[in-house]
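Understanding the architecture of this molecule
Residue strings, one per chain:
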Amino acid sequence: AGSKLVACGILFSYQSARAASQYIQTCYTGTKISYVLTSVGLLGYAAMLVMLLTGLGADLWYVPVALTGMAETLPMQQHFLMRLLQGSAGSIDDVTDRSRE
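Residues numbered from 1 in each chain as written. Predicted model: local features only at pLDDT ≥ 70, side-chain atom pairs only at ≥ 80, totals over all residues. Heavy atoms only, no water.

**Details of the overall build of the protein chain**
- In terms of regular secondary structure, the protein chain is built from five helices and zero strands.
- Along the chain direction, N to C, the helices and strands of the protein chain fall in the order α-α-α-α-α.
- Evaluated residue by residue, the protein chain yields a buried proportion of 22% over its 101 residues.
- Sequence separation of 24 or more characterises 57% of the internal contacts of the protein chain that already satisfy a separation of 6 or more.
- Accessible area for the protein chain stands at about 7,200 Å²; split by element, carbon and sulfur atoms hold 68% of it. (Helix = DSSP H or I, 4+ residues; strand = E, 2+ residues; numbered from the N terminus. Buried < 20%, exposed > 50% of the residue type's maximum accessible area, 1.4 Å probe, protein only. Contact = heavy atoms within 4.5 Å. Areas by Shrake-Rupley, 256 points an atom, 1.4 Å probe, with all protein chains shown as cover.)

Below you can see the structure in the form of structure tokens.
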């Protein structure tokens, strides 16, 4: 039961970081915000790797995992969605319409 509670806490933290990231992006648009949020996520991955390789704080590996949710930026999601839909659509208007569906 304890491991399920930890797993739920990790998932909740990660999803909360994603939501915070997307909220920040709705308030402040621009490439600087995207770079900052992606950098926070990158630092989270680096911290987790260092913790696991060195054994220092390895029992708290889930703390940096929550920070990786900040890396899910809306512009990147939109970019990959547009690329995915362009492969099967003719014009940019078709892609825009399909991305809204």
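Resuming the write-up.
**Observations concerning helix H1 (residues 2–27)**
- In this model, H1 (26 residues) spans 37 Å end to end at C-alpha, consistent with the 38 Å of a helix rising 1.5 Å per residue.
- Those residues of H1 lying buried are Ile-10, Tyr-14, Ala-17, Ser-21 and Gln-25. (Expected span 1.5 Å × (residues − 1).)

**With respect to the side chain of Thr-68**
- Looking at where Thr-68 falls in the secondary structure, it is placed in helix H3 (residues 62–68).
- The exposure class of Thr-68 is buried, given its relative accessible area of 4%.
- Setting aside residues up to four positions removed in sequence, Thr-68 forms contacts with Tyr-14, Gly-41, Gly-44 and Tyr-45.

**Comments concerning helix H2 (residues 31–54)**
- The terminal C-alpha atoms of H2, which comprises 24 residues, lie 34 Å apart, in line with the 34 Å expected from a rise of 1.5 Å per residue.
- Looking only at H2, the buried set comprises Ser-34, Leu-37, Gly-41, Gly-44, Met-48 and Met-51.
- A positive phi of about 85° marks Gly-55, the residue just after H2.

**Some remarks on the environment of Ala-7**
- Note that Ala-7 resides in helix H1.
- Residue Ala-7 is classed as partly exposed on the basis of its relative accessible area, which comes to 43%.
- Sequence spacing of Ala-7 and Tyr-62 is 55 residues, and the spatial spacing of their C-alpha atoms is 9.1 Å.

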